[in-house]
Amino acid sequence: MRFLYTLAIQIYEFGVKMAALFGNQKAKLWVDGRRSLPENQPNDGDWIWFHASSLGEFEQGRPVIEALKSQYPQYKILLSFFSPSGYEIRKNYPYADEVVYLPSDTPKNAHLWLKRHHFVAAFFIKYEFWFNYMKALKDNGIPLFYISLILKSNQYFFQWYGGWFRKQLQSVTHFFVQDERTAKLLHSIGLDNSTVCGDTRFDRVAAIARQAKPFPEIEKFINGRKCIIAGSSWQPDEKLLANCIKRLPHDYCFIMAPHDISDSHIAQIKNLLEYDYQLYTEFDADKESKVLVLNTIGILSQLYQYARFVYIGGGFGVNIHNIQEPVTFGCPVIFGPKYKSFKEAVDLVGLGGAFSISKQVGLNYIFGRLLNDEAFYQHASKVCKDYVLSQIGATSAIMKGFSQLFFDDKA
């Protein structure tokens, strides 16, 4: 079975290389980034390896990386990414001593990987199951921990054909999981080495909220009005939102932050907006406008401090984007129907702090309630604030567990 698994990995790698040859830019970054990784490097000091698939998973691991670097500065940090969307944005992350792409999960690459540094521990974040690397860590006596793991009963680990995959999980020293359901699923296949800690991402977004800086241009644009923000919007979201924006009262303004900020997509948004708007990069404080289009990246998470409520995009595609960032500012959130993969979204819909819509009429209704029913709005906002407070603390729990497992074992 390991042979078939490795063959599948090699076929995937070949497919990415072919896509790169035919001009796919993301695939080209994926291939070129792995080419630049040196095969050998002096083994200097003790290293702890953190691996994240992409930017979202990195943000979940980030609080643990920074806590570990603060408490145990004697260890160097290697941070690896699978996806260019993580590496390209965080390749200069200051708390890591080295940031690299993870080579494809083959036995040869795993063997060479562990020769590059003297690893004393490894952390995989959320969904990252790379079975050849996991085996190499176990064979070399290097403890492996999972951060913010969340599992579902329909995953292959829990199916009749999942015996080999279940066996690979025995390589893990300890699972720090998000919820009781995941702990119970692990228990059902004979794995009791788990601790329910919650989602470390809440610690991260809470820190963002505490450290949020002012944005003078945004404050000039808002100019005393109430503000609604659409974060990481896609075209289906924007078509629905355009109708709502037309109906906004005069004392409201709107910030649209599309997921795709290419010139072609910005042009599509301009065609939807039949009213005054400005681009963030061309903002003119002397020009009054109802809509500001955020055509830059890197600041959205802090802009939620200005929002009364928020629409989060992606729910008409694969899945919604991050709702934790606006929720931590007490912003009620609205999103499309594809949200059930995210525990916090499911929880908040049930509690009344988040709202899922599938059609224009539903969006119009929720907009109207949040605009005009103050009691409804205040309840939703309080639900969001209380929920975030209830989720904070996963990083401390992980650090406590890691210290006990790692250092007690070495004593």
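Look up: the structure comes first, before these words.
Overview of the structure. Keep in mind the model is a prediction, meaning the values are calculated, not measured.

## Observations regarding the pairing of strand β5 (residues 144–149)
Extensive coverage of β5 is indicated by the burial of six of its six residues. Alignment of strand β4 (residues 118–125) against β5, held across four bridges, turns out to be parallel. Paired with Ile125 across the strands is Ile147, a residue of β5. Alignment of β5 against strand β6 (residues 174–177), held across three bridges, turns out to be parallel. Opposite Phe145, over in β6, you have His174 as the bridge partner. Handedness of the β5-helix α7 (residues 163–168)-β6 crossover: right-handed.

## Describing the packing of aromatic side chains
Tallying each qualifying case throughout the model produces 39 aromatic pairs. Taking the centre distance of 5.7 Å and the plane angle of 65 degrees together, the rings of Trp49 and Tyr133 count as edge-to-face. Placement of Trp49 in strand β1 (residues 46–52) and of Tyr133 in helix α6 (residues 131–139) is noted, with a sequence separation of 84 residues between them. Geometrically, the ring pair formed by Phe131 and Phe165 is tilted, given 5.7 Å between the ring centres and 55 degrees between the ring planes. Of this pair, Phe131 sits in helix α6 while Phe165 sits in helix α7; the two residues are 34 residues apart in sequence, bridging distant segments of the chain. Residue Phe165 is classed as buried on the basis of its relative accessible area of 13%. Between Arg34 and the ring centre of Phe82, over which it is positioned, the NZ or CZ distance is 5.5 Å. Taking the ring centre of Tyr377 as reference, the NZ or CZ of Arg308 above it sits at 3.8 Å.

## Side note on the state of the cysteines
Put plainly, a disulfide is one covalent bond tying together the sulfur atoms of two cysteines. By the definition in use, this model includes zero disulfides. Free cysteine Cys331: the closest other cysteine sulfur is in Cys384, separated by 7.8 Å.

## Considerations on the pairing of strand β12 (residues 309–312)
Regular strands place side chains that alternate from one sheet face to the opposite one. Side chains of β12 alternate between two faces, with Phe309 and Tyr311 and Val310 and Ile312 buried alike. Strand direction decides the pairing type here: strand β8 (residues 226–233) and β12, joined by four bridges, are parallel. Looking at the pairing, Ile228 lines up with Phe309 of β12. As paired elements, β12 and strand β13 (residues 333–335) share three bridges and run parallel to each other. Each bridged residue has a counterpart across the sheet, and for Val310 the counterpart in β13 is Val333.

## Looking at the sheet that holds strand β10 (residues 277–279)
Strand order in the open sheet made by the seven strands is β10-β11-β9-β8-β12-β13-β14, with parallel pairing throughout. Pairing within the sheet leaves two strands with one partner each, and these edge strands are β10 and β14 (354–356). The sheet shows a mean angle of 20 degrees between the axes of neighbouring strands, taken without regard to direction. Against the sheet, helix α11 (residues 235–246) engages β8, β9 (252–258), β11 (291–293) and β12, with an angle of about 170 degrees to β9. Against the sheet, helix α12 (residues 263–272) contacts β9, β10 and β11, and its axis sits at roughly 150 degrees relative to β9.

## Section: the pattern of salt bridges
Going through the model one piece at a time under the given rule, you end up with 17 salt bridges. One salt bridge in this structure joins Lys91 and Glu88, with 3.1 Å as the shortest N-O distance. Glu88 sits in the partly exposed class, given a relative accessible area of 29%. For Lys382, the salt bridge identified is with Asp386, shortest N-O distance 2.7 Å. Note that Lys382 and Asp386 are positioned in helix α17 (residues 374–391) at a spacing of four residues, about one turn of the helix. What makes Lys382 exposed here is its relative accessible area of 51%.

## A word on a nonpolar patch on the surface
The grouping of Met1, Phe3, Leu4, Leu7 and Ile11 at the surface amounts to a nonpolar patch, some 540 Å² of accessible area in total. Position of Met1 among the secondary structure elements: in the segment before α1 (2–21). For Met1, a relative accessible area of 48% gives the class partly exposed.

What counts, and where the lines are drawn
Residues numbered from 1 in each chain as written. Predicted model: local features only at pLDDT ≥ 70, side-chain atom pairs only at ≥ 80, totals over all residues. Heavy atoms only, no water. Buried < 20%, exposed > 50% of the residue type's maximum accessible area, 1.4 Å probe, protein only. Helix = DSSP H or I, 4+ residues; strand = E, 2+ residues; numbered from the N terminus. Pairing = 2+ DSSP bridges. Right-handed = clockwise from strand over helix to strand, strands pointing away. Phe/Tyr/Trp six-rings, centres within 6.5 Å; stacked < 30°, edge-to-face > 60°. Lys NZ or Arg CZ within 6 Å of the ring centre and 35° of its normal. Disulfide = S-S within 2.5 Å. Axes fitted to C-alpha atoms, helices over the stretch in contact; angles between N-to-C directions. Contact = heavy atoms within 4.5 Å. Salt bridge = Lys/Arg side-chain N within 4 Å of Asp/Glu carboxyl O. Patch = residues over 30% accessible without salt bridge, like charges linked within 9 Å, V, L, I, M, F, W, Y side chains within 5 Å. Areas by Shrake-Rupley, 256 points an atom, 1.4 Å probe, with all protein chains shown as cover.

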